[in-house]
Amino acid sequence: MIQVNAMGDTCPIPIVKTKKAIAQLGGAGTVETLVDNEISVQNLTKMANQKGYAVKSEKLGPGQYKVTMTVGEQDAPPEDGADETCLVTPAPEGKRNIVVAVTSPRMGEGNDELGAVLMKGFLYALNQQDTLPATILFYNGGAPLTCQGSQSLEDLKSLEAQGVEILTCGTCLNYYGLTDQLAVGEVTNMYTITEKLTGAHLVVRP
C-alpha cells in the first residue's frame, strides 16, 4: 500500500500525485490519498471510476478526507509508466475535436451588461450549429453559467442532450460557493481541463 499526502494541495496536484503512486505499485495494490476538501474527493473518485479501480472515501475529521483506490492486476498502468489517458483520442475521420473554453459570464470586453447578453446569445447560437463542439469547459468566471439561476441552462442542457460534454472546474465552483448548485454537466479538475485543451484540434474562447 502507498499513502499519498495531498493535504493543502490544489487541483490538479492530488490527482497527479495519486497517478504517480499507482504507477509505482507496479501491479495490483492499494493507494490511500489524504485531501482536505470534498472537490478533491470527487475528482479522485471520478478518476478511479474512469480507470475501473475500486474506490471508497471517508471523512476523517474537519477538512480531512481519505480516498482509497484498489488497483487490480488487469487495471494496472503499463510497466513503462505511460498514462493512456494522456493520449489524444483521434477524432472520427473528417470531424475535428472542437473545445469551447468559457472563462467569463460575459463575451468580449467593454460594457458588462452587453457582454452578458452576448454570452447568452453565443451559447444559444452554439446550440443551433450543424457542427457542435465535443466539449465545453467552464472555469473561473464562466463557472456560474452552469449553475442554478443561469439564463443559459436550457441551451446547455440541450447541447448536453446532443452529446456535447459539459465540464465545470470544481475548484472554481468551490471558490464561488456554488459546489451544490451545479445544474448541468459534470464537475472536472485542472488535469482534465489541461488534457482537453491540449488535445483539441481547435479551442474557441468567446
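Everything discussed here concerns the structure shown above.
Okay, so let's go over this structure. (Residues numbered from 1 in each chain as written. Predicted model: local features only at pLDDT ≥ 70, side-chain atom pairs only at ≥ 80, totals over all residues. Heavy atoms only, no water.)

In terms of burial, strand S4 (residues 64–71) is largely enclosed, as 6 of its 8 residues are buried. Both strand S2 (residues 29–35) and S4 contribute to a ladder of 7 bridges, which runs antiparallel. From the neighbouring strand, Val31 faces S4, where its bridge partner is Met69. Strand direction decides the pairing type here: strand S3 (residues 54–61) and S4, joined by 7 bridges, are antiparallel. Counterpart to Ser57 in the pairing with S4 is Val67. Between S3 and S4, which follow one another and run antiparallel, lie 2 residues, and Gly63 among them has a positive phi close to 65 degrees. (Buried < 20%, exposed > 50% of the residue type's maximum accessible area, 1.4 Å probe, protein only. Helix = DSSP H or I, 4+ residues; strand = E, 2+ residues; numbered from the N terminus. Pairing = 2+ DSSP bridges.)

It is worth spelling out the packing of helix H1 (residues 13–25) against helix H2 (residues 38–51) at this point. Running from N to C, H1 and H2 cross one another at 40 degrees; their axes reach a closest spacing of 10 Å. What the angle tells us is that H1 and H2 run oblique. In the packing of H1 onto H2, the handedness of the crossing is right-handed. Within the contact between the two elements, H1 uses Pro14, Ile15, Thr18, Lys19 and Ile22 and H2 uses Ser40, Asn43, Leu44, Met47 and Lys51. Residues that form the contact of H1 with H2 fall into these classes: 5 nonpolar, 3 polar and 2 charged. (Axes fitted to C-alpha atoms, helices over the stretch in contact; angles between N-to-C directions. Parallel < 35°, antiparallel > 145°, perpendicular 65-115°, else oblique. Left-handed = near helix turned anticlockwise from the far one by under 90°. Contact = heavy atoms within 4.5 Å. Nonpolar A, V, L, I, M, F, W, Y, C, P; charged D, E, K, R; others polar.)

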